[in-house]
Amino acid sequence: MLKKFTLKTGKRDEMIEVTEQVQDFVNEQGLHDGAVIVYCPHTTAGITINENADPDVKRDMIRRFDEVYPWHHNLDRHMEGNTAAHMKASTVGASQYVIVSDGRLLLGTWQGIYFCEFDGPRTRTFYVKAL
């Protein structure tokens, strides 16, 4: 009851909604009541739940992350030059736990599950585990 998903990101920073893939997994598993964990195994990407109705929310979040964690900072020492991506990923977190009730993800009306890329473009993976 673990599934690996692969996706390609197209920008350095972007939020890709994966709610449908997670719900499809719930359907495939026949999970009626329980929960799923959505997990990202990358240090420069993460998983979050946020509004999926207005695309400006994603744009605003990425802009604000860039304001808090600028890509170039004179004091950063990490040789790969992607300290900002590590900071953003740590802020967002590597996983989200979502309750499943009556075979559906228990999300609010405007909520979606997002894979957050902070060091793209890349080919990335995430996992969904049914509980």
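Structure: see above.
Report follows, based on the coordinates. Here the structure is a predicted model, which is why all the values come from computation and not from measurement.

1. What to know about the state of the cysteines
- Throughout the structure, instances matching the rule amount to zero disulfides.
- Sulfur of Cys 40: no disulfide; nearest cysteine sulfur belongs to Cys 116 and is 8.7 Å away.
- Classification of Cys 40 as buried rests on a relative accessible area of 2%.
- Here Cys 116 falls in the buried class, since its relative accessible area comes to 1%.

2. Quick word on the environment of Gln 29
- Relative to the elements of secondary structure, Gln 29 occurs in helix α1 (residues 19-29).
- You can call Gln 29 partly exposed: its relative accessible area is 31%.
- Considered as a pair, Gln 29 and Met 1 are 28 residues apart in the sequence and their alpha carbons are 7.1 Å apart.

3. So, helix α2 (residues 55-68)
- Here α2 spans 20 Å end to end across 14 residues, near enough to the 20 Å set by a 1.5 Å rise per residue.
- Among the residues of α2, Val 57, Met 61, Ile 62 and Phe 65 are the ones counted as buried. Each buried residue of α2 lies within a common arc of 130° when the element is viewed along its axis, so the set occupies one face.
- Buried residues along α2 sit in contact with β2 (14-17), β4 (45-51) and α3 (83-92).
- Between the side-chain oxygen at the start of α2 and the backbone nitrogen of Asp 56 there is a gap of 2.8 Å, and the oxygen is on Asp 54.

Criteria and cut-off values
Residues numbered from 1 in each chain as written. Predicted model: local features only at pLDDT ≥ 70, side-chain atom pairs only at ≥ 80, totals over all residues. Heavy atoms only, no water. Disulfide = S-S within 2.5 Å. Buried < 20%, exposed > 50% of the residue type's maximum accessible area, 1.4 Å probe, protein only. Helix = DSSP H or I, 4+ residues; strand = E, 2+ residues; numbered from the N terminus. Expected span 1.5 Å × (residues − 1). Arc of directions from axis to C-beta. Contact = heavy atoms within 4.5 Å. Polar contact = N/O pair within 3.5 Å; in protein donor to acceptor, adjacent residues only side chain to side chain.

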